[in-house]
Amino acid sequence: MSRFVLITGCSSGIGLAAAHGLRQHGFSVIASTRSEEDAARLRREGFTAIRLDLADPASIDAGVAEALFLAGGRLYGLFNNGAYGQPGALEDLPTEALREQLETNLIGWHHLIRQVLPGMLAAGEGRIIQNSSILGLVAMRFRGAYNTSKFAIEGYSDTLRLELAGTGVHVSLIEPGPIDTRFRVNARDAFLRHIDPKESRHKKAYRQTLKRLEKEGPSGRFTLPPESCLPPLLHALNSRRPRARYPVTFPTRLFALLRRLLPTCWLDRLLVKSA
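What counts as what
Residues numbered from 1 in each chain as written. Predicted model: local features only at pLDDT ≥ 70, side-chain atom pairs only at ≥ 80, totals over all residues. Heavy atoms only, no water. Helix = DSSP H or I, 4+ residues; strand = E, 2+ residues; numbered from the N terminus. Rg over C-alpha atoms; globule rule 2.2 N^0.38 Å. Buried < 20%, exposed > 50% of the residue type's maximum accessible area, 1.4 Å probe, protein only. Contact = heavy atoms within 4.5 Å. Lys, Arg positive; Asp, Glu negative; His and termini not counted. Charge placed at Lys NZ, Arg CZ, Asp CG, Glu CD. Pairing = 2+ DSSP bridges. Axes fitted to C-alpha atoms, helices over the stretch in contact; angles between N-to-C directions.

**Student:** What am I meant to see in the overall build of the chain here?
**Tutor:** When helices and strands are tallied, the chain shows 10 helices and 7 strands. Against the 2.2 N^0.38 benchmark of 19 Å for 275 residues, the chain shows a C-alpha radius of gyration of 18 Å, consistent with a compact globule. If one aligns the C-alpha atoms of the chain with their principal axes, the spans along those axes are about 55 × 40 × 30 Å. The buried share of the chain, reckoned over its 275 residues, is 48%. Once local pairs closer than 6 in sequence are excluded, the contacts in the chain between residues at least 24 apart make up 69%. Distance between charge centres in the chain, computed from 37 positive and 26 negative side chains, equals 8 Å.

Here it is in structure tokens:
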């Protein structure tokens, strides 16, 4: 039988790489994007693609209904990947900007999970895979909104995994570090939309933030291509005992270790220098 997997955030980056990779490995991929234009482009590339905007509950409802119809009533897997990063110091961040960040990166994922989970439970099998981040393990300055959303996804996924124990539905977290995607472009747009650098005591640091976000190409020597997230995704979908967490990139593994070993004050010094 075909195993249908719904992937969110497939317009580019990790989501698009996952759609290509899972299709090549025999999964029936339902690729979703926030815009109908991107969904139409994916259809031209041969994908089954739908529109699903994680910030819009009505769009989630319609997208899930379409996905379930295409999948014959239930999904085998869900890869929650669609997200963005809102830069800016917390003191400069409008409340509405934090609300928008959580609506897309957390609340929308929850709304989606609640709709696909009954079919998985009825079938006694399923995989829910959440794309977290190194910033769900450690915090960095000027990334507070994104930190908050990813720390929340870590706790959410741990709770869901415990509550689904013994049902045949498994929950896994993929934890990428620096990946070569459009993340910085989207983050820059969010920064300019909500943060006024001229009025902030952090305006000097913001100049470095914008320089980093506007840099083209890989962000550093440890940056990996989006395809690097495919092996852990396949393991989480195929293994009889999928792991709770799949770290991707050297910085993720390093800081996960340092978080366990170092006193908080020592780790803080490293993170301040890394911002």
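**Student:** I keep staring at the sheet that holds strand β4 (residues 77-80) and nothing clicks. Help me out?
**Tutor:** Think of a sheet as strands paired side by side through backbone hydrogen bonds, with each pair either parallel or antiparallel. As summarised here, the arrangement of the 7 strands in space is β3-β2-β1-β4-β5-β6-β7, forming an open sheet in which the pairing is parallel. The open sheet is flanked by β3 (48-51) and β7 (245-248), the only strands paired with a single partner. Ignoring which end each strand starts from, the neighbouring axes of this sheet average 20 degrees apart. Relative to β3, strand β2 (residues 28-33) is paired through 4 bridges, and the arrangement is parallel. Residue S32 lies in a different strand from β3, and its bridge partner there is I50. Contacts from helix α2 (residues 36-44) reach β2 and β3, with the element oriented near 175 degrees to β3. Contacts between helix α8 (residues 230-238) and the sheet are confined to β1 (4-7), β4, β5 (126-131), β6 (169-176) and β7, with β5 contributing the most and set at about 155 degrees to the helix.

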